[in-house]
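In case you want the letters, here they are:
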Amino acid sequence: MAVVSIYNLRMMCPSRPVPVSKMTTAVPGEPFVAFKDVRIGFDQGEVLRGISFEVWAGETKVLLGESGAGKTLIMKLAAGLLHADSGRVWVMGQNIEEMAERDLLDFRRHVGFVFQEGALFDSLTVAENVSFRLREENLSETELDQRVREVLRFVEMEPAIDKYPDELSGGMRRRVSIARALVDRPPLVFYDSPTAGLDPVTSQTIITLILRGRDLQGVTSLLATHRVQDAFGLAHYRFDPAAGRVVALGGNGAGQQGHGGPPTNVLVLREGQIYFEGAADEMLHSSDDYLKKFLASAE
Amino acid sequence: MPARASAALAGGCLLDAPRSGRYASGDPAESPSAGFHTMPESEIATLPSAAGNVLKRMILAVQDYSLLSLQSLVNIFTPPTYWSDTLQQMDIIGVGSLPIIVMASLSIGGVLVLNTASQFQRFGMTDLTGDAVALALVRELGPTIAALLVAGRNASGMASELGSMIVTEQVDAMRALGTDPIRKLMTPRVVATLLMMPLLVAVFDFVGLIGGFAAAYFTLRLGAVQFWTRAIDALEFGDLVQGFTKPIVFAFIVSTIGCFKGLRVKGGTQGVGRATTSAVVISSVMVLVSDLFLAKLLLYIFR
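Computed from a predicted structure; not experimentally measured. Position labels on residues start from 1 in each chain and follow its written sequence. Chains carry letters from A onward and ligands carry numbers from 1 onward, assigned in written order. Under the rules for a predicted model, residues below a pLDDT of 70 receive no local features and side-chain atom pairs below 80 are neither given nor counted, while totals for whole chains, interfaces and linings still include all residues.

## Looking at the overall build of chain A
Secondary structure counts use DSSP, requiring at least four H or I residues in a row for a helix and at least two E residues in a row for a strand, with both numbered from the N terminus. Summing up its helical and strand segments, chain A has 11 helices and 12 strands in all. Taking all 299 residues of chain A together, the buried fraction comes to 43%. For every residue, the other C-beta atoms within 10 Å of its own C-beta are counted; 20 or more classify it as buried, 12 or fewer as exposed, and values in between as partly exposed. C-beta atoms are placed from the backbone.

## Here we look at the nonpolar core
As used throughout, a nonpolar core is a set of buried Ala, Val, Leu, Ile, Met, Phe, Trp, Tyr and Cys residues joined through C-beta atoms within 7 Å of each other. Core analysis: the largest hydrophobic core is formed by 148 residues, its most contacted members being A:Ala78, A:Ala179, A:Phe190 and B:Val254. In terms of residue count, the dominant contributor to this core is helix 5 (residues 129-167) of chain B (19 residues).

## Details of the sheet that holds strand 12 (residues 273-279) of chain A
Residues and elements named next belong to chain A. Taken together, the 6 strands give an open sheet; going across it, the order is 6-7-8-3-11-12, and neighbouring strands pair in mixed fashion. One side of each edge strand has no neighbouring strand; the edge strands of this open sheet are strand 6 (111-114) and strand 12. Averaged over all adjacent pairs, the angle separating strand axes in this sheet is 15°, with direction ignored. Here, strands pair whenever DSSP counts at least two bridges between them. Pairing geometry for strand 6 and strand 7 (residues 188-192), over 4 bridges, is parallel. When the sheet's bridge partners are listed, Phe113 is paired in strand 7 with Phe190. The contact criterion used is a C-beta to C-beta distance within 7 Å, with each C-beta placed from the backbone. Helix axes use the C-alpha atoms of the stretch in contact, all axes being lines fitted to C-alpha atoms, and the angles between their N-to-C directions lie in the range 0 to 180 degrees. Contacting strand 3 (60-65), strand 7 and strand 8 (220-225), helix 8 (residues 200-217) runs over the sheet at an angle of about 160° to strand 8.

## As for the sheet that holds strand 1 (residues 33-42) of chain A
Residues and elements named next belong to chain A. In space, the 4 strands of this open sheet follow the order 2-1-4-5, with antiparallel pairing throughout. Of all strands in the sheet, those with a lone pairing partner are strand 2 (45-55) and strand 5 (94-95), marking the two edges. Bridging between strand 4 (residues 86-91) and strand 5 involves 2 bridges; their strand directions are antiparallel. Residue pairing in the sheet places Trp90 in a bridge with Asn95 of strand 5. Where helix 3 (residues 71-78) meets the sheet, it contacts strand 1, strand 2 and strand 4, and its direction lies at approximately 120° from that of strand 1.

## What to know about helix 4 (residues 101-108) of chain A
Note on helix geometry: an α-helix contains 3.6 residues per turn, so any two residues three or four positions apart are oriented the same way. Counting buried positions over the 8 residues of helix 4 of chain A gives 6, a clear majority of the element. When helix 4 of chain A is considered as a whole, its buried residues turn out to be A:Glu101, A:Asp103, A:Leu104, A:Leu105, A:Phe107 and A:Arg108.

## Topic: the confidence of the model for chain A
All names here are of chain A. Every residue is assigned a pLDDT by the predictor, reflecting its confidence on a scale from 0 to 100. The predicted model of chain A has a mean per-residue pLDDT of 83, with 86% of residues at 70 or higher. Element-level pLDDT for chain A is lowest in helix 1 (residues 2-7), with a mean of 34, against a maximum mean of 95 in helix 5 (residues 126-130). Across residues 1-23, where pLDDT falls below 50, the model places 30 contacts with residues more than four positions away in sequence or in other chains. Confidence drops under a pLDDT of 50 for residues 251-259, and excluding neighbours within four residues, the segment shows 17 contacts in the predicted structure.

## Some thoughts on the environment of B:Leu60
All names here are of chain B. Tracing the sequence through the fold places Leu60 in helix 3 (residues 41-74). With 17 C-beta atoms counted inside 10 Å, the residue Leu60 sits in the partly exposed group. As for Leu60 and Asn154, which are separated by 94 residues in sequence, their C-alpha atoms are 25 Å apart.

Here you go:
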């Protein structure tokens, strides 16, 4: 009886069981991710001041902004890792703000998240890190090993399968983190500054992996970065499975649907609000001084 | 009720970092009525509100700790359960603590005899040595000192390990992968400590008696039969209940405080250091405080 009474405590029970099937796809005609007047603040003050935007199925949305602009906060709010002070966050048809943590845990199994520093579990090997989510699904060891190796081959990290994170370089850890996020082929992936702190060559490698994930698996992505090169890389290139490499999109560099590439749009944050939202090329040709400052950093 | 408390009760995440500035200050203060002031208004308003803020933070911390501890216990009865993690923690906490438990108990048992020997010799009652050592160890010193040793070794380890995971976003990564960190990280540690602590206390008591006997043999020339017969005969059922109820309570205190401090780390690596120290200090003090109440309660029940 004690177990029953404890189990009935409201904080222990899900507020509303959410069918797994509902979590894996967007509702037709509705955005995959939608923020409506979201506000959040901390001791220092309000960080996000009424953020509203949408991400549609198959789209890649790049969040640009200075350090402290709130890019990571938006990612964590979308993944339900933080709760907003006000406003609504909808992801794949679910109102994240109204979901209990227990439901959010089930929901997040269908979402990939790549953290800024990788956030690998340092007491586990690469294989154990990548298979972490799969172990919850009670797969056989053979199938587990097969899927882990498959995704490590995808990020070109199979030789490091038995290594620990502290034996890997920053770029390698980032790649393993991407493998961990993609192992279950989620329909939605959040990349939080995946190229932060990496050299230009390694950053290109990471962007290539993101392109492959986008173009081969058709994931919807939200990518936070302070590097405008990342936005243009995703907007102007695609992964060609036939050629097995990244190729440029269109003669004029436009990376939008008209040239066969998935839509890639940019959202620039400034002082807690959206300063610009549109295609990467619109930003490129903008005469706004603040946007020009961002573009100058890419030169 | 602070907003975060109601959010927690409504199923919010117990791992959400408390945004203290929003709750410590409470509602905006009303404008003070116009009137004379010998001190600036800000100073008059600051002192009681600062005291109030401190009190509110303490109450919020106690509430936070209580919810987290309750959740860690409730998780035992609902799936999924991480038995391999629990076994691993049992090895770390139980087997790993054995060396210090053995060394400490040998010393404590010997010291008990050395300090009491002169008194017993004065009254010519050295044959009571076994009684004194057995009663002191089983009723009090075994559970308490073992708990303090486990607090120093394992509560600090829990706080530092979980704190490091918090500051490197590994706990957030765990949540992002759909795994409940309290269920995966805290519950195995609490369960392992609850299971291992009584066993460690049993080892402490036995090895302590061995240490006591060794000291009695070499200082008092007390025979083995005399010592061990008196030691075993002195113990009653109530003494054993006392001696093995306390470890369960102490185990809960040590493990939950260690995990709580780790999961509430703020301030990077410096915060991890503070949390580690705080976990040891608070769990040690709480062991001693709870020992006082437990001793009184158990003596009342069994006398």
